[in-house]
Amino acid sequence: MPIGDFARRSGLTSSALRFYADSGVLPPAEVAPISGYRYYSGDQVERATVLRQLREIAMPLPEVETVLGAGPAEAARLLDEHVSKIVGDAAAAQQTAAAVKSALGETPGLPLAALRGPVLADAVEQVLTATAHEPGMPVLAGLRIETNREAVTLTATDRYRLSTRTLVPVEPPLQTWAGTVDGDELRAAVAEVRRSPLVRLDAVPYGIWLRATGGTDRHCRLLTEEFPDFRLMLASLGDATTRVTVSKNLLLRALEEHSAEHIALHIAENEVTVLSPHDAHPDTTLPAATTGPALDLSFRPTTLYPAVSSAIGPDVMLDLRGSDQPATIRSADRGDLTTLTMPVKADDLD
């Protein structure tokens, strides 16, 4: 086919095809000896399309040629390396840009609070399990930070689960402040935060600075979208009717043994049974301290398991309000990390 037809089928321009032909990456199937016109075959469309896609993710031409000539496993490895480098370069560029803005006279940071680095890092990792990357709702990938005169509160929600943890700062917070921080950037800063004995939080117009003692300061952007009104939901919750205290490790092990699309729990006197649908696996009954009426309810594994695994301490407490009301999951003896998880109707998942 002529170069113009091939350009339309591959998504590459005619000038780009001439460049790739001269580079030896995509030579034409035939060149007319007199006119010099270039012709391509149909079986070259796939190679041209992959070439275009690789260039769209800013892969240098020598690496493109290597990928095109590699087997599937090696090509996948090279792609992963390239994407990892792009992500690292982008993160470094964001931090450099933040530092440059500060040097150019960005509004001085507003001191918020000072927290112990390892404690803050653990809290961020625990609460970020309740985030989600959802098209059209970038705020669900953010972490809400709120400070008052007594504490710093971290909150995240993916609409089916909500996690919140309250931290007592080393020094009383200096300001009342609230903002939603980019969760990915905060997650990337966790390692640096954990290594610092003390981290100071400073707010600037479009982000926050994590000032690490003896380490590298990290900047995280603020998200502009409005965070869900979780306080209204919390205020509307009724009292728990059934309370369960059970070994965290035993419950996690039982959940791991069940691979169904939903996890059904039967709460009875002094026991919790993880039920297996369709007899796929034997039911698992765990000893528990229970109060209130017996109850049957179901959860998605992707909401229940993270809520249980992030609880602090050896025993986990479940405050239940019914099969269609949010369940509160937290440590049995430490209440500074709380997760609300929404049950589901089992027939919705069949």
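The structure we're discussing is the one just above.
Below is a short write-up of the structure. Model, not experiment: these values are computed from the prediction.

### A short note on helix α1 (residues 3-10)
Turning to step 1, where the next piece is worked out: Where α1 is concerned, the buried positions are Ile3, Phe6, Ala7 and Ser10. Down the axis of α1, the buried side of the element spans an arc of 105°, and every buried residue falls inside it. For α1, the exposed residues set more than 90 degrees away from the buried face come down to Arg8 and Arg9.
Turning to step 2, where the next piece is worked out: Packed against the buried residues of α1 are α2 (14-23), β2 (38-39) and α3 (45-56).
Turning to step 3, where the next piece is worked out: Positioned one or two residues after α1, Gly11 has a phi angle of 85°, which is positive.

### A short note on the packing of aromatic side chains
Turning to step 1, where the next piece is worked out: Overall, the coordinates contain 3 aromatic pairs when judged by the stated rule.
Turning to step 2, where the next piece is worked out: On the basis of an interplanar angle of 85° and a centroid distance of 6.0 Å, the ring pair of Phe227 and Phe230 is categorised as edge-to-face.
Turning to step 3, where the next piece is worked out: Given a relative accessible area of 8%, Phe227 falls into the buried group.
Turning to step 4, where the next piece is worked out: Residue class for Phe230 comes out buried when judged on its relative accessible area of 7%.

### Comments concerning the pairing of strand β14 (residues 284-291)
Turning to step 1, where the next piece is worked out: Side chains Thr284, Leu286, Ala288 and Thr290 project from β14 onto a buried face, and the interleaved Thr285, Pro287, Ala289 and Thr291 project onto a face without burial.
Turning to step 2, where the next piece is worked out: Bridge count between strand β11 (residues 242-247) and β14: 4 bridges; the pairing is antiparallel. What sits directly across from Val244, in β14, is Thr290.
Turning to step 3, where the next piece is worked out: Where strand β13 (residues 271-275) and β14 come together, 4 bridges link them in antiparallel fashion.

### Comments concerning the nonpolar core
Turning to step 1, where the next piece is worked out: Grouped together as the largest cluster of nonpolar side chains are 30 residues, with contacts concentrated most on Leu120, Ile145, Leu154, Leu201 and Leu210.
Turning to step 2, where the next piece is worked out: Broken down by secondary-structure element, the contributors of at least two residues to this core are β3 (110-115), α6 (117-128), β4 (142-147), β5 (152-157), β7 (177-182), α7 (183-194), β8 (199-204) and β9 (207-212).
Turning to step 3, where the next piece is worked out: Considering every element that reaches this core, the biggest residue donor is α6, with 6 residues.
Turning to step 4, where the next piece is worked out: Apart from the residues lying within four places of it in its own chain, the contact partners of Leu120 are Leu115, Leu154, Leu167, Val193, Val199 and Leu201.
Turning to step 5, where the next piece is worked out: Leu255, Ala288, Leu297 and Leu320 belong to the second largest nonpolar core, which has 25 residues in total.

### A few points about the sheet that holds β4
Turning to step 1, where the next piece is worked out: The sheet built from 12 strands is open, its strands ordered β7-β4-β5-β6-β18-β17-β16-β11-β14-β13-β12-β15 with antiparallel pairing. Bordering the open sheet on either side are β7 and β15 (295-299), each of which pairs with just one other strand. On average, each strand axis in the sheet is inclined to that of its neighbour by 25°, with strand direction left out of account.
Turning to step 2, where the next piece is worked out: Note that β5 and strand β6 (residues 161-167) share 6 bridges and pair antiparallel. Residue pairing in the sheet places Thr157 in a bridge with Leu162 of β6.

### Focus: the sheet that holds strand β10 (residues 218-221)
Turning to step 1, where the next piece is worked out: Spatially, the 4 strands line up as an open sheet ordered β3-β8-β9-β10, and their pairing is antiparallel. The open sheet has two free edges, formed respectively by β3 and β10, since each of these has just one partner strand. Adjacent strand axes in the sheet meet at a mean angle of 20° when their direction is disregarded.
Turning to step 2, where the next piece is worked out: Of the strand pairs in this sheet, β3 and β8 are connected by 5 bridges, and their pairing is antiparallel. What sits directly across from Ala114, in β8, is Arg200.
Turning to step 3, where the next piece is worked out: Set on the sheet, α7 makes contact with β8, β9 and β10; between it and β10 the angle comes to about 160°.

Each value, and the rule that gives it
Note that residues are indexed from 1 along each chain, following the sequence as it is written. Local features in a predicted model are, by the rule used here, given only for residues with pLDDT of at least 70; side-chain atom pairs are given and counted only at 80 or more, and totals for whole chains, interfaces and linings are based on all residues. Excluded from the side-chain calculations are hydrogens and water; all other atoms, namely the structure's heavy atoms, are used. Per-residue accessibility, obtained with a 1.4 Å probe over protein chains only, is compared with the maximum for each type, and a residue is labelled buried under 20%, exposed over 50%, and partly exposed between these values. Secondary structure elements are taken from DSSP: a helix is a run of H or I of four residues or more, a strand is a run of E of two residues or more, and numbering for both begins at the N terminus. Taken from the helix axis, the directions to the C-beta atoms give the arc we talk about. Any two residues having at least one pair of non-hydrogen atoms within 4.5 Å are treated as being in contact. Side-chain rings of Phe, Tyr and Trp, where Trp is taken by its six-membered ring, are said to pair if the distance between their centres is within 6.5 Å; with planes under 30 degrees apart they count as stacked, over 60 as edge-to-face, and otherwise as tilted. For two strands to be treated as a pair, DSSP must find at least two bridges joining them. In plain words, nonpolar cores are sets of buried Ala, Val, Leu, Ile, Met, Phe, Trp, Tyr and Cys residues tied together by side-chain atoms within 4.5 Å. Note on method: axes are straight lines fitted to C-alpha atoms, helices fitted across the in-contact stretch only, with angles between N-to-C directions ranging 0 to 180 degrees.

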